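Residue-level structure breakdown
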Amino acid sequence: MLRWLAYIGFIEIMLAARVSANEPPDPLGSASQPVEDVANEPRLVDPPRIIQMVPVKIPEDAVFPGPYVEVDLEIDVDEQGRVVGVKVAQGLGEPFDSAALQAAQSFEFSPAVLSDGRNVAVTITFRLRIEKPPEPVEPTPKPELVRFEGVLLERGTRKPIAGVEVWVSAEGREIARGVTDAGGGFSFGLPVQVFVLRAFSLGHEKLRIQVAMQVGEQRRESFYLEKVGDGYATVVQADWVRREVNRQIIQKSVVEKTAGTQGDTLKVVQNFPGVARAPFLSGALILRGSSPGDTQIFLEGHEIPILYHFGVLRSTVNSGFLKSVDFIPGNFGPAYGRAMGGVVDVKLRDPANDMFRGEVDVNIYDAGFVLEGPLNENWSMGGAFHRSWVDTFLGAALPDDAPLTFETAPKYYDYQLIAGWKPDASKNLKLIYYGSLDKLQVLLKRPQNDPKIRGAVRGKIMFHNFQLSYLQRITPWLTQESSMQLGYQEFDTQIGPELFFDLRVKRMSARTNWSLQRLRGLTIDVGMDIRLDQIAIDLNTGLRSIEGENPPPISTQKTFAYRETSRLYQPAAYVGISYEPIPGLQIAPGLRLDYYDNIRRWTLDPRLMVRYRVLPQTFLKAGAGLYHQPPTPDQAVVGLGNPDLEAPRSNHTSMGLEHVLVAGLEVELTGFYKWLDQQVVRNPLSFADPQALAYLNAGTGRILGVELLLKAGYEAFSGWLAYTYQRSYRKDGFGATERLFDFDQPHILTLVGNLDLGSGWSVGARFRLVSGRPDTPVVGAVFDATGGVWVPMYGRTNSDRLAVFHQLDLRVDKTWTFDVWKLSLYLELVNSYNHPNVEGWRYNYDYSEREELTGLPILPVLGAKGEW
């Protein structure tokens, strides 16, 4: 029996019909999107790589029809990289087919990995080339003159390049051949002193180098190969288990160079359909015409209080460990609750476990670093930190006659410490400790129109959280994931010497989810979501204004002094099902049960999503569901609010279309309608009767709109056009006239593009055109002798509108790639043509005159980033 090593060639890599994951991948996303599509579904980013090959055994008397034969095999590789099935796709008969089958059954692979970090079962097609053995001759032994060892690494990242064939030739003939191991290494004992070394890796530059050695010499060299793209073609065979009608999975690699984001991946969320432009210096997320407080922001499934630092200059979670962002503007599944608007869930990756890595980013407003690496075979650890120096440019941007100075400069910091334990592909433990601080103290130079607003105005938002999550694939069809968060939050506001609002929250939250995929086409998720808060409130202020109100000067308001510590318990349970009764049709019903103990109410939310492939590249999608959220603590507390409130409610409906126009160009069109009721509004009787309850569930609303997303993804260019037409209306009580929502913006247009110029140069641009926000005009004023201030008289609520907002941001990047590190310089011009966008009005003392309040002028952002 003779042993021959077959030539291996990847023809195509296909996801198996059954994917062992909570949510299998979306065919449209992976089939139509390039690797660097900014708004793509999770896709195959790391295909199986051969770890061990078994030689093909061919009988000595086998007759070859030519110098070689080729056998195409379809090999099923499970989530651990094990071969679980082999069949001949195309062969030449016996004995070659059976020999190829027998050898392939003992192959070992690295697991296939999706872009969200999960392993997935795949089917790959191999072509085995079995060469005809030469006529046996007595070999002439040649002494080993030199020994050469080498390692192939990716340039700039030092990642080992495994599974690459390496050839050695001398005097025009091949004398040795081998394959790099998992660490990228190879070794040869050679009978010559001068030889040519060649290697070819898909996705990297070719290696061809001549080596001259001395007799008896032993040498080891490292070769750094530049990455030139992905050489694998991917074809999707299975559909994602979709439980949201619109869901964009945002990958870091593309959006970190998007203009207007300053390299912060999370800020790209603001550029997607359905996202209204927030007021200047506000980090609010306004999704599909809902109030900012109606949207929940999560990190790994647990709520965080804010996503962006002061002025939206930086997100509170470092992009260095970002894996993906689930951006769901509406119709989200039953795993999420306590929200009537949308959901943003930030997912973090495990720290690098191959070698120590890091990056440092320094620009004109902050600096940060990321460090990560392995602790041992199973553990890895990393950390990240950001610290601002915002006052450097903010002070220069403020005019000399501004009525304030910064006693304490605006500042922020954030940090993350992450540890990951992964003994095998079926278990993953992650520990995260992270936090954030925003602090601002303004000293007013001269008294304002309101005598109570004088002296210093202070604000602080701080949170610190510890999270633990554990994922275990118990069997190929049963997965369990549990997580817990312990956290502390502070929200402090001081206005002058008299008015203040302090809030302290100690939180414990826990989640668990069991996912069953026993039957083909059927997935069942069952889980619990529990939150326990200890809330301490200390305040001396007037009642907090709510959406749609035009508050009078503070000096004319009745102030309340209040101090209390209470507990808030909010358990929930849910079940979600995804069923594929026929190929291409996916039906996903869900049910969520919540309890809010501050109002002693149960809510039950049924939800349904349907997705149907009408053509190979066309999908229809629809969803409907009920969504509740609790009133804010101050609205339900005894003494200040109404403890008998109902939970505000919203009914979501949407319908959409996804279609691939051509390769690399995809369009999504979604229409939506939302009806709101049981909304919390001010009780009009409370102004005259101190005994009357302050709030009632008398508000209603309706929201309608259409979203268009056109995405392009090519090797040198990527970008998208996002347009939203939406209208949002509210009624503030029984018999009230319908009015515009405070953040109603009918037209929202965003154009984003990134162009790779080669040689490390890239350019990007972002253009935004947005309708101005509604505004309530001041039609007069009366003098309040008691308070000593002029009190404005308002016209019809939101009957006016600010000027249209438009802005062009530009970005240029240059990257130098060295053997073991990369250096990038970037320059952004925010508001490049210096348009004075109107953000509001500033009135004189008696409201007889006003002037425009505009946002920041042109702002250059220069920075440098090093990676190793």
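So, how was this worked out
Residues numbered from 1 in each chain as written. Predicted model: local features only at pLDDT ≥ 70, side-chain atom pairs only at ≥ 80, totals over all residues. Heavy atoms only, no water. Pairing = 2+ DSSP bridges. Helix = DSSP H or I, 4+ residues; strand = E, 2+ residues; numbered from the N terminus. Phe/Tyr/Trp six-rings, centres within 6.5 Å; stacked < 30°, edge-to-face > 60°. Buried < 20%, exposed > 50% of the residue type's maximum accessible area, 1.4 Å probe, protein only. Lys NZ or Arg CZ within 6 Å of the ring centre and 35° of its normal. Salt bridge = Lys/Arg side-chain N within 4 Å of Asp/Glu carboxyl O. Arc of directions from axis to C-beta. Contact = heavy atoms within 4.5 Å. Axes fitted to C-alpha atoms, helices over the stretch in contact; angles between N-to-C directions.

Description of the sheet that holds strand β9 (residues 112-114)
- In spatial order, the strands read β3-β9-β10; together these 3 strands make up an open sheet with antiparallel pairing. Of all strands in the sheet, those bounded by a partner on one side alone are β3 (44-46) and β10 (119-120).
- Of the strand pairs in this sheet, β3 and β9 are connected by 2 bridges, and their pairing is antiparallel. From the neighbouring strand, L44 faces β9, where its bridge partner is L114.

Points about the packing of aromatic side chains
- Applying the stated criterion across every chain, the model contains 21 aromatic pairs.
- Residues F369 and F385 carry aromatic rings whose centres are separated by 6.3 Å and whose planes lie at 35° to one another, so their mutual orientation is tilted. Here F385 lies in strand β29 (residues 379-388) and F369 lies in strand β28 (residues 366-374), a separation of 16 residues in the sequence.
- Here F369 falls in the partly exposed class, since its relative accessible area comes to 36%.
- By relative accessible area, which is 30% here, F385 ends up partly exposed.
- Ring centres of F818 and W821 lie 4.9 Å apart, and the angle between their planes is 15°; this geometry places the pair in the stacked category.
- Looking at F818, the relative accessible area reads 33%, which means it is partly exposed.
- Under the relative-accessibility criterion, W821 is labelled partly exposed at 34%.
- Aromatic ring contacts, followed pair by pair, group F148, F186, F188, F195 and F223 into a single cluster.
- The side chain of R611 reaches across the aromatic face of F619, ending 4.2 Å from its centre.

Topic: the pattern of salt bridges
- Under the counting rule described, the total for this entry stands at 53 salt bridges.
- Of the charged contacts, one joins D529 and R338 as a salt bridge, the two residues approaching to 3.1 Å between their closest N and O atoms. Note that D529 is positioned in strand β35 (residues 522-541) and R338 in the loop between β25 (322-328) and β26 (343-348), a separation of 191 residues in sequence.
- Given a relative accessible area of 5%, R338 falls into the buried group.
- Its salt-bridge partner being D605, residue R607 comes within 3.4 Å of it at the nearest N-O pair. There is no split in this pair, since R607 and D605 are both buried.

Notes on helix α2 (residues 96-104)
- For α2, the set of buried residues is F96, D97, A99, A100, A103 and A104. One face of α2 carries all of its buried residues, which in axial projection span an arc of 165°.
- Lining the buried residues of α2 we find β5 (56-58), β6 (68-77), β7 (83-90) and β11 (122-131).

Side note on the sheet that holds strand β12 (residues 146-154)
- Taking strand neighbours across the sheet as the criterion, the 3 strands line up as β15-β12-β18 in an open arrangement whose pairing is mixed. Where the open sheet ends on each side, the last strands, each with one partner, are β15 (185-190) and β18 (218-225). Averaged over all pairs of adjacent strands, the angle between strand axes in this sheet comes to 20°, irrespective of strand direction.
- As judged from the 8 bridges shared by β12 and β18, these two strands associate in the parallel manner. What sits directly across from F148, in β18, is R219.

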